[in-house]
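In case you want the letters, here they are:
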Amino acid sequence: MKKESNLNVDAMSTRGAVGLMQIMPKTAQEISNQLKVSNFSNNSLKDPEINIMFGVYYVSKLLNYYNNNLVLVLSAYNAGIGNVDKWQNKQNKNIDLRIKDIPFNETKYYVKSIIFTYKVYKFFKFISLMENNDK
């Protein structure tokens, strides 16, 4: 959410992604059908509870689809499953996509940025745990 919307519930991308987790309306419609959400409309994506529920569901689906490969999951969240599958097929379906091989610069930067932020978070969480153990 931090990378997608900078925690702005009213965020809307130039490509039409909406809300905290920047979900595209077409993807949201598919998710609402899968989750059997009644009375869903594109306006519902502005509701943080709906947006986060849909975003978490979608990330969970991507994690399952890409066997927990974070590079592929993040790439697909940013550029779409179709693009990532094309990139993978060009390389060989059995070989994981490496960050340096991502052909979209925006997606390459997106993946690097999130992985860096995640590592920083884990480091500071580790430091915090160590400090709490010293007390």
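This is a predicted model, so every value here is computed, not measured. (Residues numbered from 1 in each chain as written. Predicted model: local features only at pLDDT ≥ 70, side-chain atom pairs only at ≥ 80, totals over all residues. Heavy atoms only, no water.)

## Let's talk about the confidence of the model for the chain
Filter applied, for reference: Looking at any residue, its pLDDT shows the predictor's confidence there, from 0 to 100. Going along the chain from the N terminus, every DSSP run of H or I of four or more residues is numbered as a helix, and every run of E of two or more is numbered as a strand.
Residue-level pLDDT values for the chain average 90, and 93% of them are 70 or greater. The secondary-structure element of the chain with the lowest mean pLDDT is helix H5 (residues 81-91), recorded at 84, while helix H3 (residues 48-65) shows the highest, at 97.

## Looking at the pattern of salt bridges
Which entries qualify depends on this criterion: By salt bridge we mean one thing: a side-chain nitrogen of Lys or Arg within 4 Å of a carboxyl oxygen of Asp or Glu. Think of it in three bands: with a 1.4 Å probe and only protein chains considered, a residue is buried below 20% of the maximum accessible area for its type, exposed above 50%, and partly exposed in between.
With the rule as written, the count across this model stands at 3 salt bridges. Notably, a salt bridge pairs Glu106 with Arg15, separated by 3.3 Å at the nearest N-O pair. In this pair, Glu106 sits in helix H6 (residues 105-134) while Arg15 sits in the loop between helix H1 (2-5) and helix H2 (25-35), placing the two residues 91 residues apart along the sequence. Its relative accessible area of 61% is what places Arg15 among the exposed residues. Between Lys100 and Asp101 there is a salt bridge whose closest N-O contact spans 3.5 Å. Through salt bridges that share partners, Arg98, Lys100 and Asp101 make up one connected network.

## Focus on the packing of H2 against H3
Condition: To get an axis, a line is fitted to the C-alpha atoms, and for a helix only the part in contact is used. The angle between two axes follows their N-to-C directions and goes from 0 to 180 degrees. By definition in this entry, angles of less than 35 degrees are roughly parallel, angles greater than 145 are roughly antiparallel, angles of 65 to 115 are roughly perpendicular, and the rest are oblique. In what follows, residue pairs with any heavy atoms lying within 4.5 Å of each other are defined as contacts. Here the nonpolar group is Ala, Val, Leu, Ile, Met, Phe, Trp, Tyr, Cys and Pro; Asp, Glu, Lys and Arg are the charged ones; every other residue, Gly included, is treated as polar.
Relative to each other, H2 and H3 sit at 85°, their axes nearing to 10 Å. Considering their axes alone, H2 and H3 lie roughly perpendicular with respect to each other. Along its contact with H2, which presents Thr27, Ala28, Ile31, Ser32, Gln34 and Leu35, the element H3 presents Met53, Phe54, Tyr57, Tyr58 and Lys61. Grouping the constituent residues of the contact of H2 with H3 by class yields 7 nonpolar, 3 polar and 1 charged.

## Quick notes on the packing of H3 against helix H4 (residues 70-79)
Using the following cut-off: It is the rotation of the near helix from the far one that decides the hand of a crossing: anticlockwise by less than a right angle makes it left-handed, clockwise makes it right-handed.
In the contact formed by H3 and H4, the axes pass within 9 Å of each other and the chain directions differ by 130°. With respect to each other, H3 and H4 are oriented oblique. The way H3 lies across H4 gives a crossing that is right-handed. Contact residues: H3 offers Gly55, Tyr58, Val59, Leu62 and Leu63, while H4 offers Val73, Ala76 and Tyr77. Its residues placed into classes, the contact of H3 with H4 shows 7 nonpolar, 1 polar and no charged.

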